[in-house]
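Chain by chain, the residues run as shown.
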Amino acid sequence: MVCIICRKSKNDMSDEHVIPDSMKGFYHIYSVCKGCNSLLGDRVDSPLINHKLTELYRFSHEVAGKSGRIPNPFSGIFFQEGNQDTKFRVDVDDKNELRVKSLPTVNIKKNGDEIESIEVSLGSDDEHKIDGILEKLAKRHGLPANSIIAGDKKSVLSTEGVKGQWKIDTLKFKIGLLKIAYEFAVDTIDGYFDDSDAIDISTILKTANYKRAEEYVKVGNGLQPEVFEPYENYLDLSSEKHYLILSPSQFGLICLVKLHDLFAVGVVLSSRNYLDNFSTIVGINDINKRTFNKMTLEEVVKQCHGPEYTRFGYHFDTEYEAYLAQQEINSPSFKYEGTEQAEIPLFDESGQKYPLLLHELLPSLKSEVKYDGDWVIQQYYFTDTPKYHVKSVSTGNLYRVIAFEISSERIKKI
Ligand SMILES: [Zn+2]
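For the structure given in this document, a descriptive report is provided here. From a predicted model like this one, the values you see are computed outputs, not experimental measurements.

How each quantity is defined
- Residues numbered from 1 in each chain as written.
- Predicted model: local features only at pLDDT ≥ 70, side-chain atom pairs only at ≥ 80, totals over all residues.
- Heavy atoms only, no water.
- Donors = N, O, S within 2.8 Å, 3.2 Å for Na, K, Ca; no water.
- Tetrahedral: all angles 85-135°; square planar, octahedral: opposite > 155°, others 65-115°.
- Helix = DSSP H or I, 4+ residues; strand = E, 2+ residues; numbered from the N terminus.
- Buried < 20%, exposed > 50% of the residue type's maximum accessible area, 1.4 Å probe, protein only.
- 1 Å grid on protein atoms, 1.4 Å probe; cavity = no way out; pocket = protein on both sides within 12 Å on 5 of 7 lines; lining within 4 Å.
- Points joined across faces, edges and corners; volume = space filled by probe spheres on them.
- Core = buried A, V, L, I, M, F, W, Y, C linked by side-chain atoms within 4.5 Å.
- Expected span 1.5 Å × (residues − 1).
- Contact = heavy atoms within 4.5 Å.
- Pairing = 2+ DSSP bridges.
- Axes fitted to C-alpha atoms, helices over the stretch in contact; angles between N-to-C directions.
- Parallel < 35°, antiparallel > 145°, perpendicular 65-115°, else oblique.
- Left-handed = near helix turned anticlockwise from the far one by under 90°.
- Nonpolar A, V, L, I, M, F, W, Y, C, P; charged D, E, K, R; others polar.
- Salt bridge = Lys/Arg side-chain N within 4 Å of Asp/Glu carboxyl O.

Okay, the coordination of the zinc ion next. Donor atoms from the polypeptide that bind the zinc ion are Cys3 (SG), Cys6 (SG), Cys33 (SG) and Cys36 (SG), placed at 2.3 to 2.4 Å. Coordination at the zinc ion is tetrahedral: its 4 donor atoms span angles of 100 to 121° at the metal. Of note, the donors binding the zinc ion are all from one chain and are spaced C-x2-C-x26-C-x2-C. Placement of the pair is cysteine 3 in the segment before strand E1 (13-17) and cysteine 36 in helix H1 (residues 34-49), with a sequence separation of 33 residues. Per residue, the accessibility class of cysteine 3 equals that of cysteine 36, and both read buried.

Laid out in structure tokens, this is it:
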């Protein structure tokens with residue numbers, strides 16, 4: 001089998017998480033060799049997983065990494081405002097709560113080569129460590145252990161006003177998003193693997209070329225949920241889900257990646273489109289249900305809508321004709337030939353049946369979509385020539401139709 005990253009024929013295929021495991025991804029593919037899988041983990045997934053924002057996210061959602069530990073986004077050294085001498089560390093305790101701890105500070109006063117005094121400051125939590133620290137200091141400075149007399153051991157430090165700085169990576173994490181988009185497209189669209197852009201992307205991933213990843217991950221800066229706005233009527237963008245969407249665009253084939261409320265970006269995968277609007281493909285990773293499902297946008301829309309209601313628009317030449325027809329059409333027992341699924345035969349004015357049933361004719365008719373609140377109304381317009389009629393089941397009367405309407409209410413998002 002050919003590995004989709006190194007593009008070589010390999011026997012050792014692996015279980016590759018398209019969305020990293022530690023971000024609660026449940027989309028698996030088996031077309032990446034073991035070597036490439038571990039390389040991707042180290043150099044491609046890791047800037048995404050270890051991004052400061054991901055750490056914050058995993059911290060707030062308590063998602064443990066492979067080691068079983070929840071990352072500490074506050075790791076690093078902090079200073080207290082107005083007190084640059086004391087360093088602080090922010091720890092995550094067993095209950096996943098943050099604790100600010102002061103780091104020991106040591107002040108050595110010298111007179112020439114001679115040590116006059118050693119001052120050690122510790123937070124009250126670490127008070128018990130002072131003897132050990134003093135012992136080490138004595139050793140390091142060649143002093144006999146008994147020459148140090150511990151004075152006031154305790155120095156209580158306030159942990160208020162502790163400040164630090166974070167470095168936020170704005171480049172490297174994008175390669176992790178490029179990998180997700182590329183693997184989703186290769187796994188989903190026939191023929192994409194051989195696209196010249198796909199070949200280039202696999203090289204970027206294989207060599208972990210962070211700079212060049214930006215050439216493809218270029219719609220939005222990576223943190224803009226706006227790129228998902230066109231889908232907000234159908235996708236529940238505030239739910240605990242990751243969304244992947246493959247669709248045509250003005251740039252060519254694009255993959256929108258939204259990792260819960262963390263990253264949202266558009267990846268341009270090819271100058272070719274491969275798909276039309278109807279075949280846009282949506283991948284939904286449900287964090288709570290631990291599932292990943294792929295469906296077409298058409299299926300998404302269907303799932304979000306309630307039952308369909310249909311009706312014809314009739315045309316009558318005279319008011320009298322309309323009056324007579326309405327007696328029959330408006331009666332609850334009125335039925336025209338055909339089935340509920342728009343498999344309805346149509347007739348010309350002499351009663352001759354047309355070869356196409358209604359649902360076969362609809363795609364060729366002029367149509368428009370109207371929105372009214374949560375209702376979506378699709379209207380189709382019949383031509384004047386030829387004229388179309390439906391036939392009453394009970395009387396055999398022909399009634400001329402000029403429009404057909406399918407409406408349904410949007411009742412949920414997925
Ligand atoms: Zn490989």
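There is more to say after this.
Here the largest pocket defines a volume of roughly 1800 Å³. Lining the largest pocket are 50 residues, and of these Glu298, Val301, Glu308, Val376 and Gln378 lie nearest its centre.

Attention shifts here to the nonpolar core. The biggest cluster of nonpolar side chains holds 52 residues, and the ones touching the most others in it are Tyr192, Leu246, Val257 and Leu269. The greatest single-element share of this core, amounting to 10 residues, is contributed by helix H4 (residues 173-188). Membership of the second largest hydrophobic core comes to 22 residues, among which are Tyr336, Ile344, Leu361 and Leu365.

With 16 residues, H1 extends only 20 Å from end C-alpha to end C-alpha; this falls clearly short of the ideal 22 Å at 1.5 Å per step. Turning to H1, its buried residues are Cys36, Asn37, Leu40, Val44, Asp45, Pro47, Leu48 and Ile49.

The next point concerns the environment of threonine 310. One can find threonine 310 in strand E15 (residues 309-314). On the basis of relative accessibility, which here comes to 37%, the residue threonine 310 falls in the partly exposed class. Through-space distance from the C-alpha of threonine 310 to that of phenylalanine 404 is 7.3 Å; in sequence the pair is 94 residues apart.

Another point: the side chain of arginine 400. Its location among the elements puts arginine 400 in strand E19 (residues 398-409). If sequence neighbours within four positions are ignored, arginine 400 has contacts with Gly313, Tyr314, His315, Thr383, Asp384, Lys387, Tyr388 and His389.

In spatial order, the strands read E9-E12-E11-E10-E13-E14; together these 6 strands make up an open sheet with antiparallel pairing. Since the sheet does not close on itself, it has two edges, and those belong to strand E9 (217-222) and strand E14 (291-296), each with one partner. Adjacent strand axes in the sheet meet at a mean angle of 10°, parallel and antiparallel pairs treated alike. Summarising the sheet, strand E10 (residues 241-247) and strand E11 (residues 253-259) pair through 6 bridges and their orientation is antiparallel. Its bridge partner being in E11, isoleucine 245 is matched across the sheet by leucine 256. Where helix H7 (residues 297-304) meets the sheet, its contacts fall on strand E13 (281-286) and E14, and the angle it forms with E14 comes to roughly 105°.

For the rest of this paragraph, the subject is the packing of H1 against H4. At a minimum axis separation of 5 Å, H1 and H4 run at an interaxial angle of 110°. On the basis of their axis angle, the class for H1 and H4 is roughly perpendicular. The element H1 and its partner H4 pack so that their crossing is left-handed. Counting all contacts with H1, which are made through Leu40, Arg43, Val44, Asp45, Pro47 and Leu48, the residues of H4 involved are Phe173, Ile175, Gly176, Leu177, Lys179, Ile180 and Glu183. Looking at side-chain class alone, the contact of H1 with H4 contains 8 nonpolar, 1 polar and 4 charged residues.

What follows deals with the pattern of salt bridges. If charged atoms from side chains of opposite charge come close, those side chains can pair. Taken as a whole and assessed by the stated rule, the structure comprises 12 salt bridges. One continuous salt-bridge network, built from bridges that share partners, spans Glu16, Asp45, Lys179 and Glu183.

This next bit is on unusual backbone geometry. Between threonine 385 and proline 386 the backbone carries a cis peptide bond, its omega angle lying at -5°. Mapped onto the elements of the fold, proline 386 is located in the loop between strand E17 (375-381) and strand E18 (388-391).

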